[in-house]
Each structure stands twice: as structure tokens, then as C-alpha cells.
Amino acid sequence: MRKFIPILVVVGVVFILFLWGTGVYNGLVKGEETVKSAWSQVENQYQRRYDLIPNLVAAVKGAAAFEKGVLEEVTKARASVGQIKVSPEMLSNPAQFAQFSQAQDTLGSALSRLMVVVEKYPELKSNQNFLALQTQLEGTENRVSVERHRYNEEVQKYNSRVRRFPTVLVAKMGGFGAKEYFKVSGEAAQAPKVQF
């Protein structure tokens, strides 16, 4: 009987380690899926913005033919955003993630310049359709900002968990790695200049 006690202790320790490892692994899977879900919400808001822009451009073109260059820039930026295909693997690839972020920043910058044109030429504001679309655009930009923030919060939680000891041991064995934060490019970090 005494011969079995050390074996039972070893089996018990192995079983406890197995349960702990399983719990940690499942927690990492849940965290990774939460990050992917948060990123999907960012994409959802980008898609909303992408779909809204043609209506905005159409309404503004009639009232702002003299600002054709700004509107074409918005259309061009929108087209470049539409060409980038987003996949969950992109979250772990800094180069692809940076390319996607740059395209979104270019679009945001073009939209900022469009808003400056509106401030500079008040007659554009008199168009009720433009005002409604401008409100929707501002709301969309706010939603994008909120979802980016939520995404970064989830990435922070996940990355912290993946890097903590002893979870890092299970993370490395399970192939879990850190995710990329959403970062603003240099151009997007600067406020647009309004000149009259």
C-alpha cells in the first residue's frame, strides 16, 4: 500500500497541472476570441463609414463643384481602403496591420479636410442633406474611435495575460502570441489646420 502513495501523489499532481493548463489554455482562447470580436467591431464601423461616404460625396458634389479636388481625394482614399482585405491573421502581422491602418488614416485625413472646407464655405452647410450626412459622418467617426479604444483595451488585457508567468508557458506551447495595438500614423496624430 505504501508503494502506491508516491504514485498517487504524482498522478494527483499531474492531474492538477492538467486541469490548470486546460483552464489557462481555455482562458487564452477566450481572450483571443474577444480580441478578434473587438476588431470585428472596428471593421464594422469602418464598413459603415465606407458605405456612408458615397452618399456624402454625392450630396456635397452638387453644392461644392469648386471643391472638386477635396471630394476626389475622399473618393480615392475610400477606394484604397476598399482594396485592402482584412483577415484575423492581420492582427498578428505588423506590416499588414500598419498598411491597413495607414489606409484608414488617409481616409480620415481626407474627411478632415472635407470638414475644413465645410467650415470655410458656410453655403455648403445650408444643404439639409449635407447636414444630415455630416451628422452621420461625425457619429460614425465617434463610433470608430470608441471601437478602436475597446479593441486596444481587449488587446491590452490579452497581451498582459499572455505575457504573465506561468501563463506564458501555456501560451508558448499553445501558439498564443501578442496582438497588435491600433496605432495612429504620424499624419493622423496632428489636428487639421483650419485657415480662412
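Heads up: these notes are all about the structure in this document.

**Points about the nonpolar core**
A general trend in soluble globular proteins is that nonpolar side chains are found buried together.
Item 1. The biggest cluster of nonpolar side chains holds 20 residues, and the ones touching the most others in it are Leu-28, Trp-39, Tyr-46, Phe-97 and Tyr-151.
Item 2. Listed by contribution, the elements that provide at least two residues to this core are helix 1 (4–63), helix 3 (94–120), helix 4 (128–163) and helix 5 (167–174).
Item 3. What Tyr-46 contacts, discounting residues up to four positions off in sequence, is Trp-39, Phe-100, Gln-104, Val-144, Arg-148 and Phe-182.
Item 4. Of all hydrophobic cores here, the second largest spans nine residues; its members include Ile-53, Val-74, Ala-77 and Ala-110.

**Digging into the side chain of Lys-179**
Item 1. Here Lys-179 shows up in the loop between helix 5 and helix 6 (186–189).
Item 2. At 3.0 Å, the side chain of Lys-179 forms a polar contact with the side chain of Glu-32.

**Some points on helix 5**
Counting along an α-helix, one turn takes 3.6 residues, and residues three or four places apart therefore face a common direction.
Item 1. All buried positions along helix 5 are accounted for by Thr-167, Val-170 and Ala-171. Angular distribution of buried residues about the axis of helix 5 spans 105 degrees; they occupy a single face of the element. Away from the buried face of helix 5 by more than 90 degrees, exposed residues Lys-172 and Met-173 are located.
Item 2. A positive backbone phi angle near 80 degrees is found at Gly-175, which sits one or two residues after helix 5.

Rules behind the numbers
- Per chain, residue numbering runs from 1 following the sequence as it is written.
- Restriction of local features to residues with pLDDT of at least 70 applies here, the model being predicted, together with a cutoff of 80 or more for giving and counting side-chain atom pairs; totals for whole chains, interfaces and linings are based on all residues.
- To get the side-chain values, take all heavy atoms of the structure and skip hydrogens and water.
- What makes a nonpolar core is a set of buried Ala, Val, Leu, Ile, Met, Phe, Trp, Tyr and Cys residues whose side-chain atoms join them at distances within 4.5 Å.
- We call a residue buried when its accessible area falls under 20% of the maximum for its residue type, exposed when it is over 50%, and partly exposed in between, using a 1.4 Å probe and counting protein chains only.
- Helix and strand definitions here come from DSSP, where helices need a minimum of 4 consecutive H or I residues and strands a minimum of 2 consecutive E residues; each element is numbered from the N-terminal end.
- Only heavy atoms enter the contact rule, under which two residues are in contact if any of them lie within 4.5 Å.
- Counting of polar contacts relies on pairs of N or O atoms within 3.5 Å, with two restrictions inside protein: one atom must be capable of donating a hydrogen and the other of accepting it, and residues adjacent in sequence are counted only when both atoms are side-chain atoms.
- Note that the arc is defined by the directions from the helix axis to the C-beta atoms.

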